Amino acid sequence: MGVLRWRERNNNRQPEYNKQTSVVTEKPTLGTRQDSCPASSSCSQELLEETLRGSAPYPMVVLPPGGGYWVDGHEPSSASLAAPSHSWRTKFETDDTAKCYRRFFLGREHLNFVGSDENLGPLLLSVKSENVASQEHMRLLLRLQSGSMHELVPSSVATSAPHNMVKLLNEQLTVTSLQPILCPRASELIAEYDEHVLVSNFKFGVLYQQYGQTSEEQLFSNKHSSPALDEFLNLLGQRIQLKDHKGYRGGLDTQYGQTGDEAIYQNFKGRQIIFHVSTLLPYTDNDPQQLQRKRHIGNDIVAIVFQEDNTPFSPDMIASHFLHTYIVVQVLEPNSPNTRYKVSVTARDDVPFFGPTLPSPAIFRKGPEFQEFLLTKLINAENACYKAHKFAKLELRTRSSLLTTLCEALRDKTRDFLGSEGSDGAPDTPKSESGPGTRFIDTVRKALIARVRNPATTETNNNNTAKKTPVGSVPDTPTPVSGRSLSKGSSGGKKSSPSSPVSSPDIHSHRTLRVSESDSSSLNSVELDAAVYADSDTGLESMSSAETPNKVCSMCLESGDSKAADSLRQEVTRLKCDKLDLLRQNVACQREIKRLREKELALQSDLANASKEILRLRELLKEYTTAGSEGSAV
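Fair warning: this is a prediction, and the values are worked out from it, not measured in the lab.

Caption draft 1: Structural detail: the overall build of the protein chain. Helix and strand content of the protein chain: 19 helices and 14 strands. Looking at the 634 residues of the protein chain, the share that counts as buried comes to 44%. Across the protein chain, every contact between residues at least 6 apart in sequence was considered, and the portion connecting residues at least 24 apart equals 67%. Per element, the accessible surface of the protein chain, about 34000 Å² overall, is 51% carbon and sulfur.

Laid out in structure tokens, this is it:
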């Protein structure tokens with residue numbers, strides 16, 4: 001059977017429904033709260049006492065006179081108390097949209113966009129192209145503060161602009177542009193946001209109602225359990241010792257025993273469930289309200305009311321802001337081969353109907369089928385309660401905060417990954433192409449352009465002394481081609497030939513850029529600077545004092561000869577390759593150092609353990625020696 005909306009069902013079938021369930025009510029108006037009675041609990045108590053003064057059998061649930069609740073469960077006649085055969089399947093009623101990203105997008109080619117709307121706030125869009133029935137479609141997943149929307153639309157309908165696609169899902173959006181997300185781990189962050197609404201840990205209350213109990217204090221003051229309740233608890237799950245429990249504890253104390261010694265625990269289809277059983281929680285003498293018990297059960301959202309005898313229950317007996325749904329279970333012929341359970345459900349009026357649907361009559365035979373039905377009903381009840389007004393407001397506030405944080409984080413990560421900030425490339429170089437290597441080439445290119453534009457000055461400067469050379473000093477003897485050999489042969493390449501005012505500052509700035517580059521490659525920038533740039537055998541110093549003057553001066557003399565320019569480009573390329581080789585060597589050295597440090601720590605740990613063992617053996621030897629000497633003396 002499909003899931004019915006309780007409002008429509010209650011409006012259409014109210015007279016027949018109340019007759020079938022034998023609910024004692026005064027025709028409450030749906031959508032109202034129990035505000036008509038100043039003390040709703042006292043009104044319910046009077047109504048329950050009046051019901052008990054009548055003739056049996058009594059209804060399982062009595063709706064409060066002020067309304068505010070709905071009830072489900074057909075009350076069988078005394079002649080038909082046999083458990084019928086049921087045919088139903090387990091289905092958890094969760095938000096399917098929360099699973100769409102992991103199901104359709106994650107691990108597949110798709111695009112993510114982030115933006116902000118003036119009225120609806122931040123938004124996050126995921127787009128993926130698919131072929132469905134030999135036709136191209138666009139799968140859209142839009143996240144807003146109000147919720148997420150998922151649609152599969154034909155490509156002919158979805159335009160190419162992302163800000164137009166979002167308007168297919170929500171016409172109120174007025175956003176005019178969206179920013180693409182390009183950064184590592186973006187998909188993981190988006191999946192975590194989508195799945196934050198999925199709950200895998202649950203806690204439910206279990207109240208024990210004896211015959212004639214009509215108040216909250218009486219329910220919480222049941223000090224001991226009963227064989228029928230113990231039989232039902234064994235059906236719900238396994239009894240655990242809290243001090244040895246390592247799974248979900250639902251707020252119970254597993255260290256000091258302040259919430260009792262035992263609890264009921266169940267792992268049902270990958271979901272951990274803990275039950276707050278009133279008779280297993282500590283009982284406090286001289287406390288009629290039993291606040292220690294109500295502190296846990298009153299903060300649950302769904303609770304089971306176990307009735308050992310035929311007695312009525314009213315949902316407003318318990319004053320709680322959190323309890324929204326009660327599943328009332330009444331046992332028939334307990335502790336016998338023919339044990340059966342009658343079930344009725346009551347919830348606040350803003351809680352939507354949830355499955356699985358109760359059969360008619362709602363009687364189950366004790367066994368695994370009833371256990372599966374009841375646990376599924378409890379989980380779906382809590383998921384439905386999250387849609388109630390009070391919890392929906394909390395969820396909206398949480399979702400808005402998480403979505404705002406996620407969008408800001410994705411923008412920042414994209415900006416950092418693309419290097420949109422702090423890239424001061426050369427004026428003639430596009431911003432996206434700027435980097436340590438390109439900046440060095442741009443500096444050399446600007447120096448060449450300056451030399452070509454002033455050939456007369458270059459000729460004059462070439463005839464001057466080495467101190468007046470604007471590009472680099474040229475020794476009288478021929479300079480070797482390899483700058484690395486020059487650096488090795490001289491005691492200090494930088495001291496023997498002064499650096500030029502053009503090339504030398506660029507080399508130092510280039511080193512700084514290299515250090516920042518190492519940060520993005522998971523290297524320690526300080527260690528990289530000490531390992532690469534403090535070594536005189538890197539070839540950078542000899543390049544500034546030997547190779548660059550030869551190339552640049554030949555270009556100046558030939559006034560932009562293309563062959564010399566090609567030769568300079570090849571030399572720069574070779575130097576870049578040398579730079580990458582040095583980086584790779586440094587990375588290998590860093591890994592080796594890390595491995596050796598880990599080995600050193602392991603050896604130190606083994607040495608410490610060996611020292612402890614030696615001390616222990618010495619103590620044992622000393623004891624044995626002392627004992628032996630005493631024995632020989634005797």
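Caption draft 2: The arrangement of the packing of aromatic side chains in detail. Summed over the entire model, instances satisfying the criterion amount to 16 aromatic pairs. Aromatic pair Y208 and F306: ring centres 6.4 Å apart, planes at 35 degrees, arrangement tilted. Here the residue Y208 occupies a position in strand β7 (residues 201–209), and F306 occupies one in strand β11 (residues 302–307), the gap between them amounting to 98 residues. On the basis of relative accessible area, F306 is assigned to the buried category, the value being 0%. Summarising the aromatic geometry, the rings of F322 and F391 are spaced 6.4 Å apart at their centres and angled 40 degrees between planes, so their arrangement reads as tilted. One end of the pair, F322, is in the loop between β11 and β12 (325–332); the other, F391, is in helix α11 (residues 389–418), and 69 residues separate them in sequence. For F391, a relative accessible area of 8% puts it in the buried group. Over the ring of F104 we find R139, and its NZ or CZ is 3.7 Å from the ring centre. Residue placement shows R271 over the ring face of F92; its charged tip is 3.9 Å from the ring centre.

Caption draft 3: Structural view of the pairing of β11. By the criterion of burial, β11 is predominantly enclosed, with six of the six residues buried. Burial along β11 is two-sided: V302, I304 and F306 and A303, V305 and Q307, pointing in opposite directions, are all buried. The sheet contact formed by β7 and β11 spans five bridges and is parallel. The residue of β11 that forms the bridge with G205 is A303. Strand direction decides the pairing type here: β11 and β12, joined by six bridges, are parallel.

Caption draft 4: Summary view of the pattern of salt bridges. The tally for this structure, following the rule as stated, stands at 20 salt bridges. Between E216 and K294 there is a salt bridge whose closest N-O contact spans 2.6 Å. One end of the pair, E216, is in helix α7 (residues 216–220); the other, K294, is in helix α9 (residues 291–297), and 78 residues separate them in sequence. On the accessibility criterion, E216 (10% relative accessible area) is buried. What emerges from the salt-bridge pattern is a single network uniting K128, E130 and R139.

Caption draft 5: Examining the packing of helix α6 (residues 186–194) against α11 more closely. α11 packs onto α6 with a crossing angle of 175 degrees between their chain directions and a minimal axis gap of 11 Å. When the interaxial angle is binned, α6 and α11 end up roughly antiparallel. On α11, the residues touching A186, L189, I190 and Y193 of α6 are R399, L402, L403, L406, L410 and K413. For the contact of α6 with α11, a count of residues per class yields eight nonpolar, no polar and two charged.

Caption draft 6: View of the sheet that holds strand β2 (residues 111–117). A sheet is described by the order of its strands in space; here five strands give the open sequence β5-β4-β3-β2-β6, paired in antiparallel fashion. Edge strands, defined here as strands with exactly one partner in the open sheet, are β5 (147–154) and β6 (179–180). Bridging between β2 and β6 involves two bridges; their strand directions are antiparallel. Across the sheet, F113 pairs through a bridge with P180, a residue of β6.

Reading the values: rules and limits
- Residues numbered from 1 in each chain as written.
- Predicted model: local features only at pLDDT ≥ 70, side-chain atom pairs only at ≥ 80, totals over all residues.
- Heavy atoms only, no water.
- Helix = DSSP H or I, 4+ residues; strand = E, 2+ residues; numbered from the N terminus.
- Buried < 20%, exposed > 50% of the residue type's maximum accessible area, 1.4 Å probe, protein only.
- Contact = heavy atoms within 4.5 Å.
- Areas by Shrake-Rupley, 256 points an atom, 1.4 Å probe, with all protein chains shown as cover.
- Phe/Tyr/Trp six-rings, centres within 6.5 Å; stacked < 30°, edge-to-face > 60°.
- Lys NZ or Arg CZ within 6 Å of the ring centre and 35° of its normal.
- Pairing = 2+ DSSP bridges.
- Salt bridge = Lys/Arg side-chain N within 4 Å of Asp/Glu carboxyl O.
- Axes fitted to C-alpha atoms, helices over the stretch in contact; angles between N-to-C directions.
- Parallel < 35°, antiparallel > 145°, perpendicular 65-115°, else oblique.
- Nonpolar A, V, L, I, M, F, W, Y, C, P; charged D, E, K, R; others polar.

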